[in-house]
Amino acid sequence: MNRTAENILPLPVHIAIVPDGNGRWAEKHGLPRLSGHREGVLNMMRMIQYISEYPIKYVTFYGFSTENWNRPEPEINGLFKLVEHFVDEQLDKINEKNIRIRHIGRLNGLPTSLQKAISRAVSLTAKNDGMTLGVAWNYGGRAEIIDAIAKFTADPDKPQPLDEKSFSRYLYTGDMPDVDLLIRTSNEMRLSNYLLWQTAYSEFYFTNVLWPDFGKKDIENALIDYSRRNRRFGGS
Ligand code: IPE
Ligand code: MG
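Source: prediction; values computed, not measured. Within each chain, residue numbers correspond to sequence positions counted from 1 in written order. Here the convention is simple: chains get letters from A, ligands get numbers from 1, in the order in which they are written. Local features in a predicted model are, by the rule used here, given only for residues with pLDDT of at least 70; side-chain atom pairs are given and counted only at 80 or more, and totals for whole chains, interfaces and linings are based on all residues. Water and hydrogen atoms play no part in the side-chain values, which are based on all heavy atoms of the structure.

(A) Broad picture of the packing of helix α2 (residues 33-52) against helix α3 (residues 73-96). Every angle, taken between N-to-C directions, lies between 0 and 180 degrees, and every axis is a line fitted to C-alpha atoms, over only the stretch in contact when it is a helix. In DSSP terms, a helix is any run of H or I states spanning at least four residues, a strand is any run of E spanning at least two, and both are numbered starting from the N terminus. Direction vectors running N to C along α2 and α3 enclose 25 degrees, while the axes themselves pass 10 Å from each other. If you check the angle between α2 and α3, you find them roughly parallel. Crossing hand, α2 versus α3: right-handed. Only Pro-74, Glu-75, Gly-78, Leu-79, Leu-82, Phe-86, Gln-90, Lys-93 and Ile-94 of α3 make contact with α2, whose side of the interface consists of Arg-33, Leu-34, His-37, Arg-38, Val-41, Met-44 and Met-45. Tallied by class, the residues present in the contact of α2 with α3 amount to nine nonpolar, three polar and four charged. Throughout this description, any angle smaller than 35 degrees is read as roughly parallel, any larger than 145 degrees as roughly antiparallel, any in the 65 to 115 degree range as roughly perpendicular, and the remainder as oblique. Handedness of a crossing is defined here by the sense of rotation of the near helix relative to the far one, left-handed for an anticlockwise turn of less than a right angle and right-handed for a clockwise turn. The contact definition used throughout considers only heavy atoms, calling two residues in contact when any of these lie within 4.5 Å. Residues are grouped as follows: Ala, Val, Leu, Ile, Met, Phe, Trp, Tyr, Cys and Pro are nonpolar; Asp, Glu, Lys and Arg are charged; all remaining types, including Gly, are polar.

Take a look at the structure:
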């Protein structure tokens, strides 16, 4: 059957993406790793456009994990520069699309210029009410839970008794809903410390396609696959 964007139902409310395979893409093309990351960032921008053509409210990209600090320093600095450049170049376009950017992770520990670029992106788009674009940068799922506990402990108005719903408000994702569909590219089948709490009942979609090559047809296939899943949330 020829499916179009209009007849893929149900759609996820929140898609989380682990865009993996930039390094292998570069290697395949005989290019330095950073060229792969540059392609990856360009593809993220294309993917934001494709996804915003669907009535999907939340998309969260895993950009830089707390474990990515283990990479060589030139690669880390190159990645940071790419993001600053991305904000300079694309922020106005994202804002015009009525997209709200949310940072997920610890700003602390990032270079000051990058902190400023992220804060600028978040504050400029804060009032937009179209799609929410979560950018996980210096993010770790376990760190998020620890940070949430610290925030909860310090909160003089903490809810008592604490339950799952009230605890989740202390996470970086705050009022964002749980992840419905998690997509990971490049034939890696791990969560890698991403949105541990929020993926408790997510559907997972893995593909061999390397992130810079993951295109319009690929996201459509992922959404079609999701629409055919039978989600029971532990029921029968
Ligand atoms: C994902 O691509 C990008 C980031 C983690 C920033 P990789 O850099 O992990 O690419 P591979 O896994 O080496 O191919
Ligand atoms: Mg990788």
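(B) Spotlight on helix α7 (residues 216-227). Expected helix span is given by 1.5 Å per residue-to-residue step, counting one fewer step than there are residues. Its twelve residues give α7 an end-to-end C-alpha distance of 17 Å, which sits within 8% of 16 Å, the value for a rise of 1.5 Å per residue. Restricting attention to buried positions, one finds in α7 the residues Ile-219, Glu-220, Ala-222, Leu-223, Ile-224, Tyr-226 and Ser-227. Along its buried surface, α7 packs onto β1 (14-18), α2, β5 (181-184) and β6 (203-206). Note on classification: 1.4 Å probe, protein chains only; a residue is buried when its accessible area is under 20% of the maximum for its type, exposed when over 50%, partly exposed between these limits.

(C) Main features of the pairing of strand β4 (residues 132-139). Burial analysis of β4 places seven of its eight residues in the buried class, the great majority of the element. Two strands pair under a simple rule: DSSP has to find at least two bridges between them. Bridge count for strand β2 (residues 58-65) against β4 is seven bridges, and the pairing is parallel. For Thr-60, the partnering residue across the bridge sits in β4 and is Gly-134. Bridging between strand β3 (residues 100-104) and β4 involves five bridges; their strand directions are parallel. Residue pairing for β4: Ile-104 is matched across the bridge by Ala-136.

(D) Structural context of the sheet that holds β5. The six strands lie next to each other as β3-β4-β2-β1-β5-β6, forming an open sheet whose pairing is parallel. A single partner strand is all that each edge strand has here, and the edge strands are β3 and β6. The average undirected angle you get between the axes of adjacent strands in this sheet is 20 degrees. Looking at chain direction, β1 and β5 are connected through four bridges and run parallel. Opposite Ile-17, over in β5, you have Ile-183 as the bridge partner. On top of the sheet, α3 reaches β2, β3 and β4; it is set at about 165 degrees to β4, its chief contact.

(E) Layout of the packing of α3 against helix α4 (residues 112-125). Axis separation between α3 and α4 bottoms out at 9 Å; the angle between their running directions is 15 degrees. One finds that α3 runs roughly parallel with respect to α4. Relative to α4, the crossing made by α3 is left-handed. Touching Phe-80, Val-83, Glu-84, Val-87, Asp-88, Leu-91, Asp-92 and Asn-95 of α3 are Ser-113, Leu-114, Ala-117, Arg-120, Ala-121, Leu-124 and Thr-125, all from α4. When grouped by side-chain class, the residues that make up the contact of α3 with α4 number eight nonpolar, three polar and four charged.

(F) Spotlight on the environment of Phe-61. Within the secondary structure, Phe-61 is located in strand β2. Under the relative-accessibility criterion, Phe-61 is labelled buried at 1%. With 36 residues separating them along the chain, Phe-61 and Lys-97 place their C-alpha atoms 18 Å apart. Residues within four places of Phe-61 in sequence aside, it is in contact with Ile-17, Pro-19, Met-44, Met-47, Ile-48, Leu-133, Gly-134, Val-135, Ala-136, Tyr-194 and Trp-211.

(G) The arrangement of the site of ligand 1 in detail. For this purpose, a residue is taken to be near a molecule or strand whenever a single non-hydrogen atom of the residue falls within 4 Å of it. Ligand 1 sits among Pro-19, Asp-20, Gly-21, Asn-22, Gly-23, Arg-24, Arg-33, His-37, Gly-63, Asn-68, Arg-71 and Leu-79. Nitrogen and oxygen atoms within 3.5 Å of one another constitute a polar contact, given that in protein one can donate a hydrogen and the other can accept it, and given that sequence-neighbouring residues count only through two side-chain atoms. Taking Asp-20, its side chain carries an N or O atom lying 3.0 Å from an oxygen atom of ligand 1. Within the side chain of Arg-24, an N or O atom sits 2.7 Å from an oxygen atom of ligand 1. Under the convention used here, a 1.4 Å probe and the Shrake-Rupley method define accessible areas, while residue burial counts only the protein chains that appear. Protein burial of ligand 1: of its 380 Å² of free accessible surface, 84% is covered by the chains. Cavity: a set of points on a 1 Å grid over the protein atoms alone where a 1.4 Å probe fits but cannot get out. Pocket: an open set with protein on both sides within 12 Å along at least five of seven lines, its lining residues, like those of a cavity, having an atom within 4 Å of a point. To decide whether a molecule occupies a pocket or cavity, check its atoms: if more than half lie within 2 Å of the grid points, it is inside. More than half of the atoms of ligand 1 fall within 2 Å of the grid points belonging to the largest pocket.

(H) View of the side chain of Asn-193. Tracing the backbone shows Asn-193 in the loop between β5 and β6. Those residues in contact with Asn-193 that sit more than four places away from it in its chain are Tyr-62, Thr-66, Glu-67, Tyr-139, Gly-140, Gly-141 and Arg-142.

Note that all results are geometric; they support no functional claim without further evidence.
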